[in-house]
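Below are the chains, spelled out letter by letter.
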Amino acid sequence: MAVWAVAFALFVAFVGVPTSDPLTAFGWLWLATIAWRNYQPWRTHLVFLRDWLPVILLLVFYNVSRGAADKLFDPHVHFMIHADEDMFGWLTGGRIPTIWLQQHLYEPGHVQWWEIVVTLVYVSHFLTVPTVAVVLWLRNREMSYRFMRRWITLSLAGLVTYFLYPAAPPWWAWEHGALTEQVQRISSNGFTALGLHSAGNTLNALQADQSNPVAAMPSLHTAYAMMAVSFFLPMIRRRWWPLLLAYPLAMTFTLVYTGEHYVTDVLVGWLYVGGVFIGVGWAERWWAQRKGRLSE
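Residues numbered from 1 in each chain as written. Predicted model: local features only at pLDDT ≥ 70, side-chain atom pairs only at ≥ 80, totals over all residues. Heavy atoms only, no water.

Novice: Just checking my understanding: could you explain the pattern of salt bridges for this structure?
Specialist: Any two side chains of opposite charge can pair, on the condition that their charged atoms come close. Using the criterion set out here, one finds seven salt bridges in the structure. With a closest N to O distance of 3.1 Å, Arg50 and Asp51 form a salt bridge. In this structure Asp51 comes out as buried when scored by relative accessible area, which is 14%. Between Asp51 and Arg141 there is a salt bridge, with its nearest N and O atoms 3.4 Å apart. (Salt bridge = Lys/Arg side-chain N within 4 Å of Asp/Glu carboxyl O. Buried < 20%, exposed > 50% of the residue type's maximum accessible area, 1.4 Å probe, protein only.)

Given below as structure tokens:
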């Protein structure tokens, strides 16, 4: 595991966080499972590929399709602006929260300490859910399948929405004149202060070349964070809930502050999580009852 950790740290330092390609991310996770269980025979390690290959192919399809999801309809811009102004204008002087936060916290040309935290929270989106899924796969195979069913369903629901309702984020709205006050896209700023220029360049290249710039509704960044936390809430004592919920709340602040999403996008993402949990939970119970009747 120490060898794996050093190798991964060097990869991040010189290449960047594996955010653009699910194959690369899951390759590192597979190597982690091998390092953790290095005493197991190779046929045991190959079970990982058998179980995860369908998931990886679905995520590759999601990545490729997401980049084309803005080809059918013109992007929606003003609904999210008006919704954020209506919800928070009384507190922000009529501005959307992103503009208000950047005017109070962002200093052009200078990376604040909290922007390092913000960048780390932002980039955790690309690793948290796969890591949780793999750890569950190592500890409890059936629970990992339940987690993956919710993850894939949430991703596909978001993808369909991106095709049907392309929505522009705050930075895009300012660049195209829908917002009169400046919004900077600063989600990768913290890498500069950490000296991880390659990691920041990789993330910037991903944002510029491979992602759909108008796939903001719902925010899957915050939806994934909420899903990863909500899955475990019924299993732990309520006194620990605030600690777990701090992660999706931190992701929410990150996305709004950096110009990546409106608060409206975040709230819709949380609604999608609730809908997915209800729908997938119902389907699992229906399938269990059907199997029970067939076995009688």
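Further notes follow.
Novice: Is there a simple way to think about the side chain of Glu260 in this case?
Specialist: Along the chain, Glu260 falls in the loop between helix H12 (241-257) and helix H13 (263-295). For Glu260, a relative accessible area of 6% translates into the label buried. At a separation of 2.9 Å, a polar atom in the side chain of Glu260 contacts the side chain of Arg185. (Helix = DSSP H or I, 4+ residues; strand = E, 2+ residues; numbered from the N terminus. Polar contact = N/O pair within 3.5 Å; in protein donor to acceptor, adjacent residues only side chain to side chain.)

Novice: Can you help me understand the packing of helix H6 (residues 113-139) against helix H11 (residues 220-230) in this one?
Specialist: Packed helices, taken two at a time, are described by their axes: the angle between them and the distance between them. The N-to-C vectors of H6 and H11 enclose an angle of 50°; their axes lie 10 Å apart at closest approach. Here H11 runs oblique to H6, going by the angle between their axes. In the packing of H6 onto H11, the handedness of the crossing is left-handed. Taken together, the residues of H11 that come into contact with H6 (itself represented by Tyr122, His125, Phe126 and Val129) are Leu220, His221, Tyr224, Met227 and Ala228. (Axes fitted to C-alpha atoms, helices over the stretch in contact; angles between N-to-C directions. Parallel < 35°, antiparallel > 145°, perpendicular 65-115°, else oblique. Left-handed = near helix turned anticlockwise from the far one by under 90°. Contact = heavy atoms within 4.5 Å.)

Novice: I tried to follow the environment of Gly89 on my own but got confused; where do I start?
Specialist: Among the structural elements, Gly89 can be located in helix H4 (residues 78-92). It is 9.7 Å that separates the C-alpha atoms of Gly89 and Trp100, two residues lying 11 residues apart in sequence. Every residue in contact with Gly89, bar those within four places of it in the chain, is listed here: Asp84, Gly94 and Arg95.

Novice: How do you make sense of helix H2 (residues 22-36) when you look at a structure like this?
Specialist: Given a rise of 1.5 Å per residue, 15 residues ought to cover 21 Å, and the 21 Å separating the end C-alpha atoms of H2 matches this to within 8%. Within the span of H2, buried status applies to Pro22, Ala25, Phe26, Trp28, Leu29, Trp30, Ala32, Thr33, Ile34 and Ala35. (Expected span 1.5 Å × (residues − 1).)

Novice: Hey, could you run me through empty space enclosed by the protein in this one?
Specialist: One way to see where empty space is left: roll a probe the size of a water molecule over the atoms. Using the criterion set out here, one finds one cavity of 30 Å³ or more in the structure. Empty space within the largest cavity amounts to approximately 30 Å³. Residue lining of the largest cavity: Ser124, His125, Thr128, Val129, His221, Tyr224, Ala225, Ala228 and Tyr247, and that is the complete set. Sorting the residues of the lining of the largest cavity by element identifies H6 and H11 as the ones contributing at least two each. In terms of residue class, the lining of the largest cavity is built from five nonpolar, four polar and no charged. (1 Å grid on protein atoms, 1.4 Å probe; cavity = no way out; pocket = protein on both sides within 12 Å on 5 of 7 lines; lining within 4 Å. Points joined across faces, edges and corners; volume = space filled by probe spheres on them. Nonpolar A, V, L, I, M, F, W, Y, C, P; charged D, E, K, R; others polar.)

Novice: Would you mind showing me how to read the layout of surface pockets here?
Specialist: Within this model, the second largest pocket holds a volume of roughly 330 Å³. Around the second largest pocket sit 18 residues that line it, and Ala32, Thr131, Val134, Val135 and Leu138 are the ones nearest its centre.

Novice: What should I look at first to understand the packing of H6 against helix H7 (residues 141-164) in this one?
Specialist: One can describe the packing of H6 onto H7 by two numbers: an axis separation of 6 Å at closest approach and a directional angle of 155°. With respect to H7, the axis of H6 lies roughly antiparallel. With respect to the hand of their crossing, H6 and H7 are arranged in left-handed fashion. Within the contact between the two elements, H6 uses Val129, Pro130, Val132, Ala133, Leu136, Trp137 and Arg139 and H7 uses Arg141, Met143, Ser144, Phe147, Met148 and Trp151. Among the residues forming the contact of H6 with H7, the class breakdown is 10 nonpolar, one polar and two charged.

Novice: Looking at this structure, I do not really get unusual backbone geometry. What am I missing?
Specialist: Most of the time, phi is negative for any residue but glycine, and the peptide bond is trans. Cis geometry marks the peptide bond from Met217 to Pro218, where omega comes out at 0°. Along the chain, Pro218 falls in the loop between helix H10 (197-210) and H11.

Novice: Looking at this structure, I do not really get the packing of aromatic side chains. What am I missing?
Specialist: The geometry of an aromatic ring pair is captured by the separation of the ring centres together with the interplanar angle, meaning the angle of the planes. The full count for this structure, using the stated rule, is 14 aromatic pairs. With 5.2 Å between their ring centres and 85° between their planes, Phe147 and Phe231 make a pair best called edge-to-face. Taken together, the residues span a long stretch of sequence, with Phe147 in helix H7 and Phe231 in the loop between H11 and H12 at a distance of 84 residues. Relative accessible area serves as the criterion here: at 1%, Phe147 is assigned to the buried category. Of the residues examined, Phe231 reaches a relative accessible area of 3% and is grouped as buried. Between Phe231 and Phe232, the aromatic rings sit 5.3 Å apart at their centres with planes inclined by 85°, giving edge-to-face as the arrangement. For Phe232, a relative accessible area of 22% translates into the label partly exposed. Taken together through their ring pairs, the aromatic side chains of Phe26, Phe48, Trp52, Trp137 and Trp151 make up a single cluster. The positively charged end of Arg141 is found above the aromatic ring belonging to Trp137, 4.3 Å away from the centroid. (Phe/Tyr/Trp six-rings, centres within 6.5 Å; stacked < 30°, edge-to-face > 60°. Lys NZ or Arg CZ within 6 Å of the ring centre and 35° of its normal.)

Everything listed is a geometric property; what it means functionally is a separate question.
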